[in-house]
Amino acid sequence: MSGQPRSRRLAQLVEARWSGAGCDDAAAVVLGPQRCALYAALGVPQRDWWPLARWADRAATGEVRAALHAYADVLVADRCRLPGDDVVSDLIAYDADGDALTADEIRDIVAALLAADESAVFDQPV
C-alpha cells in the first residue's frame, strides 16, 4: 500500500474490513446490510447498533454530531485498552511510512463512519 496517498490507503484498510464483516439477517433487515456490516467492521457492540443508526439518520444536527464524536471517543479508548479485530483497532495501529494517525484524526474518521453509509464514506476522501 505504500506509495499511495494516505486517504486511499486508509480507505482500503476500511474497505477490507467492511467487505468481510457480516451480520445476522434480522439486523440487516432493520438497519440495512451496509450499515450492519459497517458497525460489525468497526467493532461496535450490537446493543449500540440501533441507537447509532438513529443518530446517523440525524447526523446533520450539531447535538447528534457531538454525540457521535463522544461515542467514537469511548470506542477508541476501549480499543486502546483492549485492541480487537476491527477497523478501530486497525486505525489505532495504523502507521504507514511513519505517518501514524492522531487521536483526533481517528475520532473524526470513526465518527464519520458511524454517521454515514458506504456511498457517503467512499465517495469522499478520508
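These numbers come from a predicted model, not from an experiment.

Participant: Residue-level account of the packing of aromatic side chains, with values.
Facilitator: Summed over the entire model, instances satisfying the criterion amount to one aromatic pair. Summarising the aromatic geometry, the rings of Tyr39 and Trp49 are spaced 6.2 Å apart at their centres and angled 55° between planes, so their arrangement reads as tilted. Pair noted here: Tyr39 is in helix H3 (residues 33-42) and Trp49 is in helix H4 (residues 49-56), with a separation of 10 residues, a long-range link. This pair shows no difference in class: Tyr39 is buried, exactly as Trp49 is.

Participant: So what's going on with the nonpolar core? Residues and values would help.
Facilitator: Tyr39, Leu42, Val44, Val87, Leu91, Val110 and Leu114 are the most contacted members of the largest nonpolar core, which has 32 residues in total. Elements supplying a minimum of two residues to this core: helix H1 (6-20), H3, H4, helix H5 (62-81), helix H6 (87-93) and helix H7 (103-115). Once residues lying within four places of it in the same chain are set aside, the contact partners of Leu42 are Leu75, Arg79, Asp86, Val87, Val88, Leu113 and Leu114.

Rules behind the numbers
- Residues numbered from 1 in each chain as written.
- Predicted model: local features only at pLDDT ≥ 70, side-chain atom pairs only at ≥ 80, totals over all residues.
- Heavy atoms only, no water.
- Phe/Tyr/Trp six-rings, centres within 6.5 Å; stacked < 30°, edge-to-face > 60°.
- Helix = DSSP H or I, 4+ residues; strand = E, 2+ residues; numbered from the N terminus.
- Buried < 20%, exposed > 50% of the residue type's maximum accessible area, 1.4 Å probe, protein only.
- Core = buried A, V, L, I, M, F, W, Y, C linked by side-chain atoms within 4.5 Å.
- Contact = heavy atoms within 4.5 Å.

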